[in-house]
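Each chain, written out:
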Amino acid sequence: MPKGVPNAIEGDPFMSSSIRKTLAIGTAAAAILVAPAAWAGTIEGSVVDDTGTRALQSAQVRILELDRVASTMRDGAFRFVDVPGGTYTVEVRYVGAEPETQSVTVPETGTVRPIFTLGGSEQNILVIGQLANQASALSRKREGDGVSSVLTRDAIGQFPDQNVAESLRRLPGLNILNDQGEGRFVSVRGLSPNLNSSSINGARIPAPESDTRSVALDVISSDQIESIEVKKSLTPDMDADTIGASIEINTVSAFDRKRDLYTARVEGSYNRLADTLTPKLGFDFSTKLSDDFGIAGGVSYYKRKFETDNVEAEDWKLDDDGNALFEEIQYRDYDVERERLSASLSFDWRASDTTELYLRGLYSQFDDHEFRRRLTFDLGDFDTVSFGGGNALGFTASDDAEIQVERDIKDRAESQKIRSLVLGGETNAGDWRFEYAGSYARSTERENDSIDPTTFDRDFATEGDGDNFGLVFDLTNPRIPTFTVDSRADLFVDPAQYALNDVEVTRLSASQDEEFAVWADIGRTFALASGDFTVQAGAKARWREKSYDFNVQFYEDATGEYTLADVLGRSTYRLQGIDPVADFTAPTRYFFDNFGDFELQEIDSTFDSAVEDYVNKEDIYAGYALGRWDSETWRIIAGVRMEHTRNDISANLTELIEEGAEYDGEVLEDDIVVITPNRFERDYTDWLPSVNMRYEPVRNLVFRAAGYKSLVRPNLADLAPRFIVEENDDNEREGEFGNPGLRPYKAWNLDAAAEYYFTGNGAITANVFYKDVKNFIVDRQLNEEDSPYSGIDFTEAVVPVNGRSATVFGAEFGFASALAFLPAPLDGLLVQANYTYTDAEGTLDDGREIPLPAASKHTFNAVLGYEKGPLSLRVTGTFRDKYLDELGSEAEEDRYVDDLFQIDASARYRLTRQLQLYWEWVNANDADFFAYQNLGGARRLLQYEEYDWTMKFGARFTF
C-alpha cells in the first residue's frame, strides 16, 4: 500500500466508515495490480469444429498438470498467461463432441498457438440444425459465470424461431406476454417484464413505448441475432438493474465463423383469419477481407397481415339480488398489417497481436397499421334489468334508462424504431486485460395524423312510433356474450341513424428514449499453484433521456349531416354480427376531404394534449471491484458494485374544470383548462454486493450458488409529475397522478443450481431461487379518504405507489437430450422440457396481500424434435399459468389473464447443400386470450380474443 494512504483515509473526520473501507479496499487492490508479472510463456489457442466452419465458443480448456481452466471466446480463442516453460497436456471439451487432448510445449518466454478441432458423432453435428443449436447453448450455459440460459443460431444462420420474444419462450423459467396473439414482452421466473433489463452488444436497449422501461422484443428480427443469453444471477461487472434477468442479445461477428457465409431467404406467411399471403425476405453475410479484418451483417423484411376478433366488458357490478351485470360491452374487429425491417452490420479488426476492436450497429423498424371497428353498448343508466335462467340479461330503453350505441373506426399507423451502435475493444498485454466501449442507442415510437377514432352514435330512449328498443345478452358462454335486438332492430341496423359524435385526430404522438454510455474494465490475472486469481475493476456512465410529446385534436361535425351511411363498409367479425360498420379508410378520406365542415373542440384538445407530456433525464454513474478465482473445480467471483442515480423530471399539472364548478373562489361560466409546469430532481446511491460460485467436483457435474443485491428503477413515465384532474359541476375531482417520489425496487437474491451434462448432447438441470423484494410498485385506485395527494384534492384517483415488501420463491427444472442411443431411425429424436414454479406474493401499504403483477405460478415448455440426414422436424408446446394483470381498488376488481397453452410446429428439409426448404405452423391449436375479474365468486369477462393460426413456408439458400 502506498506510504501515507492509510493515515489519509483514517484521519479524515468528514469521511463515512463505508467510504473509508471502500477506499482502503481499492488502494489494496491497486497495490496488487502493480505487482510485477511472473516471467513465463503464454498459450493462445483456438477451437473449431472438424469441418473448419465454425469457431466454438465456450469450449472448456484445461491444462491438466496445472489445474488451470479457461473458456473459449466467440472467435474460438482461449488464453493462458504465466505458464512456466515445459510440456503440458491440454484438454478441450464441448457438449456433443468427444474430448480432444494435445501435448503442448511452452517456451520459457514467448507464445505457443495450438489449434483444436472437435467433431460430433456424425458430420456437421456441431454446425447445422437443432443439434448444433442445443450443443452450443448447453456449452455456453455450462461455462457461464452464473445461473443462465442461452439460445444460439447455428453456423448457417438458423435461429429456433423468427421472433426474438417467441424464441425465448423455449428457455427454462421464461414465458411471453402476448399482444394480438404475438409474443412481445418477456417474463422471467413469472415476474413482470419491467423487472428485466435488455441489451444489444452490451448497450442497453431503450424502450420505444412512452410508458414503460421494458422492451417489446418482437421489434427485433431473430435473423440478425447470433445468440441471446438470459443471465439470472449478477456479477459486479454487470449493470445491477434487474430482478428477473439480464437479457443480452448479441449480433453476428465475422469471427464467429472460419469460412465466409452468404445466406438468402424467401418466405410466405398465411394467417387463416386474414386469408392473405404476405412475404418475408432476408439476406445475411459474413466475410473476412483478411486474416485480421472481417465484416458481417444482414437485412430482413417481414410483412404480416392478420385479424383478431375481440369482445370486452367493463364496470361489472352486483344488483341487490346478487346478479352480475356489466355497464358497458364492446365488440371489436381488428384488421392489422405489421411490417418489420431489421438490419445489422459489424466490423471486427485484430489491430495487433494484443488488441481487437469492433464496431457493431443494429437498426430495427416495426410499423403497425391497425384498423379497429368497434360496436359499444353503454348501459350505465340501468339500475335493474331482466334476468332469464341465469344466462340472459335483458335491457329495454326508456326516458330514464337510455341505451347508447356507438360505432367507431380506428385508422392508426405507428412506427417503432430501435437504433444501436457500439464501438469497443479489448487489449491483452501480458497479465493485464483491458476492455473499453462506448455506445449510443435510441428508440422511438411515432404516430402522425391518425384518426383514432371516428365515432358515430345514437341514444335509444322511449320511441313514440312503436315498441321501445330492447336488447338481450346471452351469457351461456361467459367468454363470448352474444346479443340480439328483440325490438326496433330496423333502427339498430340503419347506418343513417348514427350521427357523428366526434373525430379524434392524433396530430403527434412522439415517444423518444435515448442513451449514451461509456465503460471500461481493467483486470490482472495471477497464475498461482492451483489456479488463476484475477483482480478486476471498472467504471461506467450512462446518460439517458426519455420524453413524450402528445398532441391530439377533437373535431365535431358543424353541418350535422355526417352519418355512418356516408362511409359504410362491411365487417369481418366472426363472433357476432355487428353490422353496420364503417369502411377501413373512407372516414379518414372524408375528414380530410371535407375538413372545412368540422369544428375544433378547443378545451378537450388542449386538456388531452397537455396531460401526457413529460421529460425524464436519468444519469447513472457506476463503479465496481471484484476478485475472481478459477481452478479445475472452483470458480468464485465476489465483489461490490456502486450505482449513483440522478433524475431531473419535468411534466404538467393539468386541470379540467367544468362550467358551474368553483375555481379561485368563483363559479365558472365556461369550461377551463389550467396547466401548471412541474419539475422534480432526485438522486440516490446504492451499494450492491454479490458472490457467484461454480463447483465442478467431477467432470460434467456442476453446482452453482449465487447471492447478490439488485435494484430496478421505476418506470420513467411513472416518475413524471404528471397530475391530471377533471372536476365536474358537482365539484367531484377524478385524477391520475405520476409519483416522482417512487422508490426503486430493491432485492436480495439467492440462487442455487445443479447441472449434469451428458457425455452426448444433453443435460439435466435444477435451480431454486429466492428473492426478498422491497418497494415493489403497483397502480393503486385511491378514494376520497386518501386525499390530498401532493397537495391536490381529489374524489377518486389512480396513482403508482410502492408496496411494503414481496417475496419470490421458486424452482426450475430442465431436461435436454439427443436420443442417439435409440435404434435407427429413432436415433434422430431429441427432447427438451422445462418447468418453473414461482410463488410471488406482496403486501401493500394497507396490508392487503396480492400476487405480484405478471407473476405466473406455473410455466412449462416442451420440444420434441427429430433430425437425421436432410430432415429436421420439431413440435413445441408452451404453457403459462394465469397472472395478475392490473390491480383494482378491491380484490374482486383485480384483472387477471387466464392460462395459455400454445402448440407450434416446424419442418426443414435440405434438398442440396445450398438449398433448404422449411415450413412453420404457429399457434396450431388456436389458443385464445382471456382476461377476467373475480366478482361474486365467478370469472367475469374483461377481454377475450381469437387469432387462429399462421403458417409460414419458404426456402433458404446458402452460398
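This report concerns the structure included in the present document. Just so you know, these numbers come straight off a predicted model, no measurement behind them.

Parameters and conventions
Residues numbered from 1 in each chain as written. Predicted model: local features only at pLDDT ≥ 70, side-chain atom pairs only at ≥ 80, totals over all residues. Heavy atoms only, no water. Helix = DSSP H or I, 4+ residues; strand = E, 2+ residues; numbered from the N terminus. Rg over C-alpha atoms; globule rule 2.2 N^0.38 Å. Buried < 20%, exposed > 50% of the residue type's maximum accessible area, 1.4 Å probe, protein only. Contact = heavy atoms within 4.5 Å. Areas by Shrake-Rupley, 256 points an atom, 1.4 Å probe, with all protein chains shown as cover. Lys, Arg positive; Asp, Glu negative; His and termini not counted. Charge placed at Lys NZ, Arg CZ, Asp CG, Glu CD. Patch = residues over 30% accessible without salt bridge, like charges linked within 9 Å, V, L, I, M, F, W, Y side chains within 5 Å. Salt bridge = Lys/Arg side-chain N within 4 Å of Asp/Glu carboxyl O. 1 Å grid on protein atoms, 1.4 Å probe; cavity = no way out; pocket = protein on both sides within 12 Å on 5 of 7 lines; lining within 4 Å. Points joined across faces, edges and corners; volume = space filled by probe spheres on them. Nonpolar A, V, L, I, M, F, W, Y, C, P; charged D, E, K, R; others polar. Pairing = 2+ DSSP bridges. Core = buried A, V, L, I, M, F, W, Y, C linked by side-chain atoms within 4.5 Å. Phe/Tyr/Trp six-rings, centres within 6.5 Å; stacked < 30°, edge-to-face > 60°.

Comments concerning the overall build of the chain
Counting secondary structure elements, the chain contains eight helices and 56 strands. Compactness check: the chain gives a C-alpha radius of gyration of 31 Å against a globular reference of 30 Å for 959 residues, within 12% of the reference. For the chain, the spread of C-alpha atoms along the principal axes amounts to about 105 × 75 × 55 Å. Each of the 959 residues in the chain was classed as buried or not, and the buried ones make up 57%. The contacts of the chain with a sequence gap of at least 6 include a subset with a gap of at least 24, amounting to 71%. Accessible surface computed for the chain: about 37500 Å², of which carbon and sulfur atoms make up 52%. Charge centroids of the chain, computed over 95 positive and 167 negative side chains, lie 12 Å from each other.

Topic: a nonpolar patch on the surface
Side chains of Y262, V266, L281, F283, V299, L341, F957 and F959 sit close together on the surface and give an oily, nonpolar patch of about 680 Å² of accessible area. Elements supplying a minimum of two residues to the nonpolar patch: β16 (261–271) and β17 (276–290). Tracing the backbone shows F283 in strand β17. Residue classification places F283 among the partly exposed positions, given a relative accessible area of 34%.

Regarding the side chain of D452
With respect to the secondary-structure elements, D452 resides in strand β25 (residues 450–460). It is K410 that comes nearest to the buried, bridge-free D452 among opposite-charge side chains, at 4.1 Å. In contact with D452, other than residues within four places in its own chain, are K410, R412, E447, E504 and T506.

A short note on empty space enclosed by the protein
Within this structure, the stated rule accounts for twelve cavities of 30 Å³ or more. Here the largest cavity defines a volume of roughly 590 Å³. In this structure, the largest cavity is lined by 36 residues; those nearest its centre are Q134, A137, L151, L171 and Q832. Mapped onto the lining of the largest cavity, the elements with two or more residues apiece are α3 (129–143), β9 (148–152), β42 (762–774), β45 (805–818), β46 (829–843), β48 (858–868), β49 (871–880) and β52 (900–910). Tallying contributions element by element places α3 first for the lining of the largest cavity, with seven residues. Of the residues that constitute the lining of the largest cavity, the class distribution is 16 nonpolar, 13 polar and seven charged.

Brief notes about the sheet that holds strand β26 (residues 470–474)
One key point about sheets: their strands pair by backbone hydrogen bonds, in either a parallel or an antiparallel sense. Read across the sheet, four strands follow the order β21-β22-β26-β27 without closing on themselves; strand pairing throughout is antiparallel. Among the strands making up the open sheet, the edge pair consists of β21 (386–387) and β27 (482–487). Where β21 lies against strand β22 (residues 392–396), two bridges are found, and the strand directions are antiparallel. Bridge assignment links S386 to a residue of β22, and that residue is G394.

Points about the nonpolar core
One finds Y331, F377, I403 and F473 to be the most contacted residues of the largest nonpolar core, which totals 105 residues. With 26 residues, the next largest nonpolar core counts A207, L217, A245 and I249 among its residues.

Section: the pairing of strand β38 (residues 701–712)
With seven bridges joining them, strand β37 (residues 672–698) and β38 adopt antiparallel strand pairing. Bridge assignment links M693 to a residue of β38, and that residue is A705. Linkage of β37 to β38, two consecutive antiparallel strands, is achieved through a turn of two residues, within which N700 is found at a positive phi near 80°. Alignment of β38 against strand β41 (residues 745–757), held across twelve bridges, turns out to be antiparallel. Bridging across to β41, R704 finds its partner in A753.

Some details on the sheet that holds strand β12 (residues 197–200)
Read from one edge of the open sheet, five strands run β9-β14-β15-β12-β13, paired in mixed fashion. Looking at the sheet topology across the chains shown, the edges are occupied by β9 and β13 (203–204). Looking at chain direction, β12 and strand β15 (residues 246–251) are connected through four bridges and run parallel. Bridge pairing in β15 places S197 opposite S246.

Things to note about helix α6 (residues 586–593)
Among the residues making up α6, those that are buried are A586, P587, T588 and F591. Turning to α6, the residues buried within the fold contact β23 (403–429), β25, β28 (499–528), β29 (531–557), β31 (581–582) and β32 (598–600).

With respect to the environment of G936
Along the chain, G936 turns up in the loop between β54 (929–935) and β55 (938–946). Put simply, G936 and G322 are 614 residues apart on the chain and 7.4 Å apart in space, counted from C-alpha to C-alpha. In contact with G936, other than residues within four places in its own chain, are L318 and E892.

A few points about the packing of aromatic side chains
Taken as a whole, this structure holds 40 aromatic pairs when the rule is applied. Arranged with centres 5.0 Å apart and planes meeting at 70°, the rings of F377 and F483 form a pair that is edge-to-face. Linking F377 in strand β20 (residues 355–378) with F483 in strand β27, this pair joins segments that are 106 residues apart in sequence. Taking the relative accessible area as the measure of exposure, F377 reaches 0% and is therefore buried. Chaining the aromatic ring pairs together yields one cluster made of W316, F326, Y331, F377, F395, F460, F469, F473, F483, F492 and Y573.

A closer look at unusual backbone geometry
A cis geometry characterises the amide bond from D579 onward to P580, with omega recorded as 10°. Note on placement: P580 falls in the loop between β30 (568–569) and β31. The phi dihedral of R488 is positive, around 60°, even though this residue is not glycine. Take R488: it is sitting in the loop between β27 and α5 (489–492).

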